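Residues per chain, in single letters:
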Amino acid sequence: MITKKQLTHLKQLEAESIHILREVAAEFTNPVMMYSVGKDSSVMLHLALKAFAPSKLPFPLLHIDTTWKFKEMIEFRDQRVKDLGFDLVVHSNPEGLEMNISPFEHGSKVHTDIMKTQGLKQALNTGGYDAIIGGARRDEEKSRAKERIFSFRDKHHRWDPKNQRPELWNIYNTAIQKGESVRVFPISNWTELDIWQYIYLEEIPIPSLYFAQEHDVVEYEGTKIMVDDDRMPEKLRKTAKKEMVRFRTLGCYPLTGAISSTATTLPEIIKEMLLSTSSEREGRVIDKDQEGAMELKKIEGYF
Amino acid sequence: MDIINYLKEHENKDMLRFLTCGSVDDGKSTLIGRMLYDSKMIFDDQLAAAESESKKYGTTGEKIDMALLVDGLQSEREQGITIDVAYRFFATENRKFIIADTPGHEQYTRNMVTGASTADVAIILIDARKGILTQTRRHSFIVNLLGIEHVIVAINKMDLVDFSEDVFNEIKQAYTELADELGIKNTYYLPVSALDGDNVVDQSAHTPWYTGLPLLGLLDSMDISKEPKEEDFRFPVQYVNRPNLDFRGFCGTIAAGSVKVGDEITVLPSGKSTKVKSIINAGDITEDNRNVTTTEAFAPTAITITTEDEIDISRGDMLVHTKNMPSVSNNLKVMLVWMDENPMQIEKVYDIKRATSIVSGSFEHINYKVDINTYKRKQVNSLGLNDIASCRMVLTRPIAADSYSDNRLTGSFIVIDRITNNTVGAGMIVGVSRRNTEAISKKYTAAEKELNTYIRKYFPEWDCKAI
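Residues numbered from 1 in each chain as written. Chains lettered and ligands numbered in written order. Predicted model: local features only at pLDDT ≥ 70, side-chain atom pairs only at ≥ 80, totals over all residues. Heavy atoms only, no water.

Let's shift gears to the overall build of chain B. Of regular secondary structure, chain B possesses 10 helices and 22 strands. Residues counted as buried form 58% of the 467 residues belonging to chain B. Residue pairs in contact within chain B that sit at least 24 positions apart in sequence constitute 70% of those at least 6 positions apart. Element-wise, carbon and sulfur atoms account for 47% of the exposed surface of chain B, whose accessible area totals about 19,800 Å². (Helix = DSSP H or I, 4+ residues; strand = E, 2+ residues; numbered from the N terminus. Buried < 20%, exposed > 50% of the residue type's maximum accessible area, 1.4 Å probe, protein only. Contact = heavy atoms within 4.5 Å. Areas by Shrake-Rupley, 256 points an atom, 1.4 Å probe, with all protein chains shown as cover.)

Encoded structure:
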């Protein structure tokens, strides 16, 4: 029987990601999947459920909680654990907590370094994970475009962009020494549009912050940020105005820019995205710190 | 357009992966930057960043340097060269595209091989002022070696030759001969100026004599489907899923062909047979129903198979239809691309990862090395970085072996150094070697070893096996 059988591009991407996830489970002894509660994490969790059904996930999820995430993200996270029954590890940098690190007081650079990068390193060292699955996509940022799907990290979690292992076909080199690790990016080849389209088609739950709602927002360092709690300096809080906004990415609320929007459904979000003239990372304060900022952060061990 | 209809359309797109070959001077990054920019894939903030960087590193004077939109790493931007494979994405009405952007210089051959390994189509850039160069021959060889069947020859910088039809035709004629020499199946020719966008997205007013589609239109509409033939079912077992005693599923991605419930299958290399009891298409699984099954699945779907009989199946095995089996051997003729600074050592034991199996093995003999610029064959005793050679590979265990030309996913492998863990080579199975040797256990004296080395060095035509 000869018939023309083809998969749509989303089905091809889905199959590729599932292949990658299974490869991790088969080849590593102690893998972990980063879970940031955002839309990309939601897609990854969904793909992992598919990859290992009818079993439960063969690895835990890890959330680096900087304690400055939107409140709703934490509620959403805990609800997902209840609904789906996976193992979740939450880590916050205890030294950072001691120092009371605040993005408002110490700035985005210090906050991100201590609460995110250092916090991540601590969690990875404590867990002794040999494979860390992340949700980064190659279309997000220029230095990501060159990163491998299985990206080698030395004992200090550092990435050497000039010395990456060649990666051919769908054959991934998973060989490492003790103490070294591999960051794995199963959705490398997805674009922002693919992610939204897939969420829409598969009806994947995501936090409501992605949809336009009335929120209290203030202007802060050139971006519009939401008043999520009273840790925001009072002077700033006083300038808050109610506006219809939504978020294109989710992270620490003082570092995540909102955009004015009326999109309350997925098709409306996708439509807005298609008409948008700015990339999704524009709302992230950290990328603009310095030129080549992401490349430097990645060399240091940031995701 | 109505967004719901738009989504419906986008949902049904297919995917095309292509490779761009050329060096810095050919305007490759400029061409990609142009495609992304003109197809509205570049956002304002990215453009603003490129604009400010153009002033710092740019090579285009007042115009925005399109290359800066795509040259990813800071070190590359400073040097103005592309040194690694970068992947780019854009979509048109019909297709989603993945571009593998690779460097063109000879010292980056391995990067180009990497980019070519997953591409369906290659764009080879030729500078209209220079015509076919050594690098064009090199790029074409690699493209053909990696099994890319469609080659678009983009004759660039047409603005610098006054959009001359004669120049275009001369280059086209010369390349046609080259393609015939290599056996490249489908070629397409385009006159372009990446810098100004002629024939990239829109038809150029400067080339009225060119009646074909612009580059984007061609990529969007070209037929890359393989000739219809009955494909053999190939299923490399990736992962054994065993949540409880009642369920033992074999997970993997179908590499070729299709499979139905009830099909007679054989496990290779063991040769044991059974029947397919059930198939789970991973894509069908939902949060609410994690037990959905299907009756049939085809490549490249990710599935889980259960079998009628409890036979021994593990990761690295290959499930195939009993009626249509590949040959099984530990002695293979392969084309090898060496990718490491440390030369390949005959007899040294490497790990060979093919699909999901990892088997140790060694290269016992180099049949010949190919000069990728002249295509001449040479007798050599070792392989260095970027060398491409025909070798005999002997594995410590037999595997089900398809030739790369029959199946890209089961006919390809990577070579891993057991000490450094680096990927040091990549290879393609050409066929099963006639001499079907088992791994050697005999001990040789120092004098015998020397004699063997002497013969292999001075009488390569004897095809003497290494001991």
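Okay, the sheet that holds strand β1 (residues 14–21) of chain B next. Residues and elements named next belong to chain B. Ordered by their spatial adjacency, 6 strands build an open sheet running β2-β3-β1-β4-β5-β6, and the pairing between neighbours is mixed. Either end of the sheet is taken by a strand with one partner, and the two such strands are β2 (86–91) and β6 (186–191). Each adjacent strand pair in this sheet contributes to an overall mean axis angle of 25 degrees, direction not counted. In the sheet, β1 pairs with strand β3 (residues 95–101) via 7 bridges, with the strands oriented parallel. Looking across to β3, one finds that R17 is bridged to I98. (Pairing = 2+ DSSP bridges. Axes fitted to C-alpha atoms, helices over the stretch in contact; angles between N-to-C directions.)

All names here are of chain A. Spatially, 4 strands are ordered β8-β7-β9-β10 in an open sheet, and the strand pairing comes out antiparallel. Across the chains shown, the open sheet's two edge strands, defined by having one partner strand only, are β8 (223–226) and β10 (258–260). Each adjacent strand pair in this sheet contributes to an overall mean axis angle of 70 degrees, direction not counted. Pairing between strand β9 (residues 241–247) and β10: 3 bridges, direction antiparallel. Counterpart to V245 in the pairing with β10 is S260.

The subject of this paragraph is the pairing of β6(B). Residue and element names in this part refer to chain B. Pairing of strand β5 (residues 150–156) with β6 involves 6 bridges; the strand directions are parallel. Across the sheet, I152 pairs through a bridge with Y188, a residue of β6. With respect to chirality, the unit in which β5 leads through helix α8 (residues 165–182) into the neighbouring parallel β6 is right-handed. (Right-handed = clockwise from strand over helix to strand, strands pointing away.)

For the rest of this paragraph, the subject is the interface of chain B and chain A. Counting residues at the interface gives 90 residues for chain B, matched by 77 residues for chain A. Together, the buried faces of chain B and chain A total about 7,300 Å²; carbon and sulfur atoms form 56% of this surface. At the surface where chain B touches chain A, the tally comes to 7 salt bridges. Here B:K353 ties to A:E23 by a salt bridge, and the two come within 2.7 Å at their closest N and O atoms. Our count for the contact surface shared by chain B and chain A stands at 29 residue pairs in polar contact (both at pLDDT 80 or more). (Buried area = accessible area lost by both parts, 1.4 Å probe. Salt bridge = Lys/Arg side-chain N within 4 Å of Asp/Glu carboxyl O. Polar contact = N/O pair within 3.5 Å; in protein donor to acceptor, adjacent residues only side chain to side chain.)

Further remarks concern helix α1 (residues 3–11) of chain B. B:I3, B:Y6, B:L7, B:H10 and B:E11 are the residues of α1(B) that are buried. In a view along the axis of α1(B), the buried residues occupy a sector of 135 degrees, so they form one face of it. Looking at the packing, one finds that the buried side of α1(B) touches α1 (9–27), α6 (192–202) and α8 (266–275) of chain A. (Arc of directions from axis to C-beta.)

Let us now look at the pattern of salt bridges. This model, assessed by the stated rule, comprises 39 salt bridges over all chains. Three or more residues are tied together by salt bridges with common partners; here these are A:K11, A:E14, A:K50 and A:E202.

Moving on, we get to the side chain of B:S390. All names here are of chain B. Tracing the sequence through the fold places S390 in strand β20 (residues 388–401). Residue classification places S390 among the buried residues on the basis of a relative accessible area of 1%. Not counting the four nearest positions on each side in its chain, S390 is found in contact with K333, V334, M335, H365, I366, N367 and Y368.

Let us now look at helix α2 (residues 39–52) of chain A. Each full turn of the α-helix corresponds to 3.6 residues, which orients residues three or four apart in the same direction. The terminal C-alpha atoms of α2(A), which comprises 14 residues, lie 20 Å apart, in line with the 20 Å expected from a rise of 1.5 Å per residue. Taken across its 14 residues, α2(A) has 14 buried, putting it largely inside the fold. (Expected span 1.5 Å × (residues − 1).)

The next point concerns unusual backbone geometry. Negative phi is the rule for most residues except glycine; trans is the rule for most peptide bonds. The residue after A:A53, namely A:P54, is reached through a cis peptide bond having omega 5 degrees. As for its placement among the helices and strands, A:P54 is situated in the loop between α2 and β2 (61–64). Following B:A299, the chain continues to B:P300 via a peptide bond in cis, the omega torsion being -5 degrees. Looking at the element boundaries, B:P300 is found in the loop between β13 (296–298) and β14 (302–307).

Attention now goes to the confidence of the model for chain A. All names here are of chain A. Confidence along chain A averages 89 in pLDDT terms, with 89% of residues attaining 70 or more. Looking at the elements of chain A, mean pLDDT is at its lowest for helix α9 (residues 293–300), recorded as 60, and at its highest for strand β1 (residues 31–34), recorded as 98. Note on residues 284–291: pLDDT under 50 across the span, and 27 contacts to partners over four residues away in sequence or across chains. (pLDDT = per-residue confidence, 0-100.)

On to the nonpolar core, then. Residue and element names in this part refer to chain B. L19 and Y175 are the most contacted members of the largest nonpolar core, which has 128 residues in total. Excluding anything up to four places from it in sequence, L19 contacts A100, T102, M112, G115, A116, A119, V121, A122, I123, V143 and I148. Of all hydrophobic cores here, the second largest spans 26 residues; its members include I123, A154, M222 and I224. (Core = buried A, V, L, I, M, F, W, Y, C linked by side-chain atoms within 4.5 Å.)

Counting across every chain of the model gives 6 cavities of 30 Å³ or more. A:H19, A:E23, A:N170, B:P236, B:Q238, B:G252, B:T253, B:A255, B:A355, B:T356 and B:L409 together form the lining of the second largest cavity. Of all elements in the fold, only α1 of chain A together with β9 (247–253) of chain B reach the threshold of two or more residues within the lining of the second largest cavity. Counted by class, the lining of the second largest cavity contains 4 nonpolar, 6 polar and 1 charged residues. (1 Å grid on protein atoms, 1.4 Å probe; cavity = no way out; pocket = protein on both sides within 12 Å on 5 of 7 lines; lining within 4 Å. Points joined across faces, edges and corners; volume = space filled by probe spheres on them. Nonpolar A, V, L, I, M, F, W, Y, C, P; charged D, E, K, R; others polar.)

Turning to the packing of α6(A) against α8(A), a few remarks are in order. All names here are of chain A. Running from N to C, α6 and α8 cross one another at 170 degrees; their axes reach a closest spacing of 10 Å. As judged from the angle between their axes, α6 and α8 are roughly antiparallel. Between α6 and α8, the contacting residues are E192, L193, W196, Q197, I199 and Y200 on the first element and L266, P267, I269, I270, M273 and L274 on the second. Looking at the contact of α6 with α8 residue by residue, the classes come out as 10 nonpolar, 1 polar and 1 charged. (Parallel < 35°, antiparallel > 145°, perpendicular 65-115°, else oblique.)

So, about the packing of α2(A) against α6(A). Residues and elements named next belong to chain A. Between α2 and α6, the shortest axis-to-axis distance is 10 Å and the interhelical angle comes to 55 degrees. Classified by the interaxial angle, the pair formed by α2 and α6 is oblique. When you trace α2 past α6, the crossing you get is left-handed. Touching K39, D40, V43, H46, L47 and K50 of α2 are E192, I195, W196, Y198, I199 and E202, all from α6. Of the residues assigned to the contact of α2 with α6, the class counts are 6 nonpolar, 1 polar and 5 charged. (Left-handed = near helix turned anticlockwise from the far one by under 90°.)

What follows concerns the packing of aromatic side chains. Residue and element names in this part refer to chain A. Considering all chains together, one arrives at 25 aromatic pairs over all chains under this definition. Judged by centre distance (6.0 Å) and plane angle (40 degrees), the ring pair of W68 and Y253 falls under tilted. Pair noted here: W68 is in the loop between β2 and α3 (71–84) and Y253 is in the loop between β9 and β10, with a separation of 185 residues, a long-range link. Each member of the pair, W68 as well as Y253, is classed as buried. The interplanar angle of 20 degrees and the centroid separation of 4.5 Å between the aromatic rings of F150 and Y172 together place this pair among those described as stacked. Residue F150 is found in strand β5 (residues 150–153), and its partner Y172 is found in the loop between β5 and β6 (181–184); the two are separated by 22 residues along the sequence. Y172 matches F150 in its accessibility class, with the two residues each being buried. (Phe/Tyr/Trp six-rings, centres within 6.5 Å; stacked < 30°, edge-to-face > 60°.)

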